[in-house]
Amino acid sequence: MKHGGQPRPRGAAFLLAQVGAHASERFADRVQEIGLSPPEVGLLRMIAGQPGRSQQSVAVDLGVVPSRVVVLIDNLGHKGLVERRPGSTDRRHHELYLTVDGERIMMDMRSIATAHDDDLLTALDPDERAELTRLLQRIADQQGLTPGVHPGYKQTGGRRKPVGQGT
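Notes on the structure in this doc start here. Predicted, not measured: the structure shown is a model, and the values here were computed from it.

1. A look at the nonpolar core
Thought 1: Counting 25 residues, the largest nonpolar core has Leu44 and Val82 as the members making the most contacts within it.
Thought 2: If one sorts the elements of this core by residue count, helix 2 (residues 38-49) sits on top with five residues.
Thought 3: Sequence-distant contacts of Leu44, that is, excluding residues within four places in its chain, are made with Leu36, Leu76, Leu81, Val82, Leu98, Ile105 and Met106.

Written as structure tokens, this is what we have:
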């Protein structure tokens, strides 16, 4: 079947990529309105989920070089959303915490994320949304994707070698 004179792609992988790219672009537009980028939002979410974690542990979870995390943390610090505190067990390592403004932004983000989800999935009823989420989670798990980490981080500043990989 044709749409606009073009043949429609037949594969689910293409549709996943198309919808995923569209969703990422729309999300970036939404968070830009509050002065953030998607990587900054993801980092805030990681810190909110585990206050006190180190920059190094964030870099490992994201699969990026530590210097990329330092740049993101610096930007969030300048915006007054994240603070570094000396480590409780090793003062050479900093622990990351949201500031009061960072916690407020996270509350705003929950509303933005809900609106984003609702907007993208408006064609589906609640049962279909739940089924789509379940199926996509199965695919993500089977593909070995890190839960909660957008693959775009790996394109923004270098990729770390997985632990145990040779040179």
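2. Considering the side chain of His116
Thought 1: The topology assignment puts His116 in helix 5 (residues 100-120).
Thought 2: Once residues lying within four places of it in the same chain are set aside, the contact partners of His116 are Ala23, Arg26, Phe27 and Arg30.

3. A word on the environment of Pro147
Thought 1: Its place among the elements puts Pro147 in the segment after helix 6 (126-142).
Thought 2: Since its relative accessible area comes to 70%, Pro147 is described here as exposed.
Thought 3: Taking the C-alpha atoms as reference points, Pro147 and Gln137, 10 residues apart in sequence, are found 9.2 Å from one another.

4. Some points on a nonpolar patch on the surface
Thought 1: Taken together, the side chains of Leu16, Leu132, Leu136 and Ile139 make up a nonpolar region of the molecular surface, amounting to roughly 300 Å² of accessible area.
Thought 2: Among the elements that take part in the nonpolar patch, helix 6 stands out by supplying three residues, more than any other.
Thought 3: Looking at where Leu132 falls in the secondary structure, it is placed in helix 6.
Thought 4: The class of Leu132 is partly exposed, set by a relative accessible area of 31%.

Analysis parameters
- Residues numbered from 1 in each chain as written.
- Predicted model: local features only at pLDDT ≥ 70, side-chain atom pairs only at ≥ 80, totals over all residues.
- Heavy atoms only, no water.
- Core = buried A, V, L, I, M, F, W, Y, C linked by side-chain atoms within 4.5 Å.
- Buried < 20%, exposed > 50% of the residue type's maximum accessible area, 1.4 Å probe, protein only.
- Helix = DSSP H or I, 4+ residues; strand = E, 2+ residues; numbered from the N terminus.
- Contact = heavy atoms within 4.5 Å.
- Patch = residues over 30% accessible without salt bridge, like charges linked within 9 Å, V, L, I, M, F, W, Y side chains within 5 Å.
- Areas by Shrake-Rupley, 256 points an atom, 1.4 Å probe, with all protein chains shown as cover.
- Salt bridge = Lys/Arg side-chain N within 4 Å of Asp/Glu carboxyl O.

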